Amino acid sequence: MLISWNTTKKCNLNCVHCYRESGMNVDTSKELTTDEGKKLIGEISKSGFRLLIFSGGEPLLREDIFELVAAAKEARIMPAMGTNGTLLTREIADELCNAGLKGIAISIDSLDERYHDEFRGQQGAFNKAQEGIEHALSAGLRVQINMTITDKNQDEFGNMVSYYEKKGVHAIHPFFLVPTGRALSMEEDSLKETAYYSMIRRVLNLQNTTTLELKPTCAPQFMPMAKEMGLSQRFSKGCLAGTGYCCILPDGQVNICPYLPVGAGNVREKPFDEIWESSPVFLELRDTKNYMGACGRCEHASICGGCRARAYYYNGSYMAEEPWCFRR
């Protein structure tokens, strides 16, 4: 079980697809305080979660981030981080490692510097992120590359795998675009149907040729596809939203996932462990009999689950059928 905490909405970049619509000129007055964050970490541990991902916005802009990472380690939760990498100096990487951070995911969308910088909304972001990768590796952190896949960069994935394998990173997770936040204006750039499945298959086939861990994200059909291709997987289910995963927003709201604006409660009003155990939203998601349409009839519901965020965007219900699934 893993959980992500969007620790802040503040960010030094202005990414075109940002699900949190982050930036530097945002109101941070309602974000969880250090003490509230530590209390939350204790409740997360009580719920049985063993991996906590500190994300944002840009988590390195929180002055207490090292203290929070250390609190997670003390609570016997494995702390990890998702970052744009541009602020990751060697000193910060070492301090994160000393605080207990085990892994860091850095967003890189292309080996084309211009494409990456335009996608991330800041010139020079690519080079700073590359430096961040080197600093993280030197500090001894497990490094993962998060690549947002669109129809404009899908053909680069193979080259990304080859390049970063030589760099010594440990994983590349291709994230399939979900229309939410700023990405609502990019819906036409999403891979759909034939292109979507072709890309998932390409990722699965590449896994046999590389030492890197490759995991399609927001593409839950990779699980039944891997099964049909005879490929072994260490993962249990494609979409874990509400069953083995959820996210905490900066103000303490508990959402099904970062891309799905449906709340299950707020940790300022009720302890997280109680929300996770008894929220009607989570209880509904945990019973595959509640899935509607093709997902409700699918023999692979228990290992796939369909993307609940895309179901919500296209059909207005997080329990609706997966709109991009060819099994419909």
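Let me begin by describing the structure that accompanies this report. (Residues numbered from 1 in each chain as written. Predicted model: local features only at pLDDT ≥ 70, side-chain atom pairs only at ≥ 80, totals over all residues. Heavy atoms only, no water.)

Here the focus is the overall build of the protein chain. When you go through the protein chain residue by residue, the secondary structure sums to twelve helices and ten strands. For the protein chain, the C-alpha radius of gyration of 19 Å lies close to 20 Å, the compact-globule estimate for 328 residues. Overall, the C-alpha framework of the protein chain stretches about 50 × 45 × 35 Å when taken along its three principal axes. Burial statistics for the protein chain: of 328 residues in total, 58% are counted as buried. Within the protein chain, counting contacts between residues at least 6 apart in sequence, those at least 24 apart form 68% of the total. Split by element, the accessible area of the protein chain, about 14,000 Å² in all, is 47% carbon and sulfur. A distance of 5 Å separates the average location of the 37 positive side-chain charges in the protein chain from that of its 41 negative side-chain charges. (Helix = DSSP H or I, 4+ residues; strand = E, 2+ residues; numbered from the N terminus. Rg over C-alpha atoms; globule rule 2.2 N^0.38 Å. Buried < 20%, exposed > 50% of the residue type's maximum accessible area, 1.4 Å probe, protein only. Contact = heavy atoms within 4.5 Å. Areas by Shrake-Rupley, 256 points an atom, 1.4 Å probe, with all protein chains shown as cover. Lys, Arg positive; Asp, Glu negative; His and termini not counted. Charge placed at Lys NZ, Arg CZ, Asp CG, Glu CD.)

Our focus in this paragraph is the side chain of D117. Tracing the backbone shows D117 in helix α4 (residues 113–120). One polar contact links the side chain of D117 to the main-chain amide nitrogen of G124, over a distance of 2.9 Å. (Polar contact = N/O pair within 3.5 Å; in protein donor to acceptor, adjacent residues only side chain to side chain.)

Further remarks concern the packing of helix α2 (residues 65–74) against helix α3 (residues 90–99). Axis separation between α2 and α3 bottoms out at 8 Å; the angle between their running directions is 30 degrees. With respect to their mutual orientation, α2 and α3 come out roughly parallel. Here α2 contributes F66, V69, A70 and K73 to the contact with α3, which in turn contributes I92, E95, L96 and A99. Looking at the contact of α2 with α3, its residues break down into six nonpolar, no polar and two charged. (Axes fitted to C-alpha atoms, helices over the stretch in contact; angles between N-to-C directions. Parallel < 35°, antiparallel > 145°, perpendicular 65-115°, else oblique. Nonpolar A, V, L, I, M, F, W, Y, C, P; charged D, E, K, R; others polar.)

The geometry of helix α1 (residues 34–46) relative to α2 is characterised by a closest axis approach of 9 Å and an angle of 20 degrees between their N-to-C directions. One finds that α1 runs roughly parallel with respect to α2. In this structure, the crossing between α1 and α2 has a hand that is right-handed. Residues T34, G37, K38 and I41 of α1 touch α2, and the partners they reach there are E67, L68, A71 and A72. Classifying every residue of the contact of α1 with α2 gives four nonpolar, two polar and two charged. (Left-handed = near helix turned anticlockwise from the far one by under 90°.)

One can find T211 in the loop between α7 (193–206) and β7 (213–214). For the pair T211 and N266, spaced 55 residues apart in sequence, the C-alpha separation works out to 40 Å. Within the structure, the side chain of T211 is placed 2.9 Å from the side chain of E165, a separation counted as a polar contact.

In spatial order, the strands read β7-β6-β5-β4-β3-β2-β1-β8-β9-β10; together these ten strands make up an open sheet with mixed pairing. Lying at the two open borders of the sheet, with one neighbouring strand each, are β7 and β10 (260–266). Bridge analysis of strand β3 (residues 78–83) against strand β4 (residues 103–107) gives four bridges, and the strand direction is parallel. When the bridges of β4 are listed, A80 appears paired with G103. (Pairing = 2+ DSSP bridges.)

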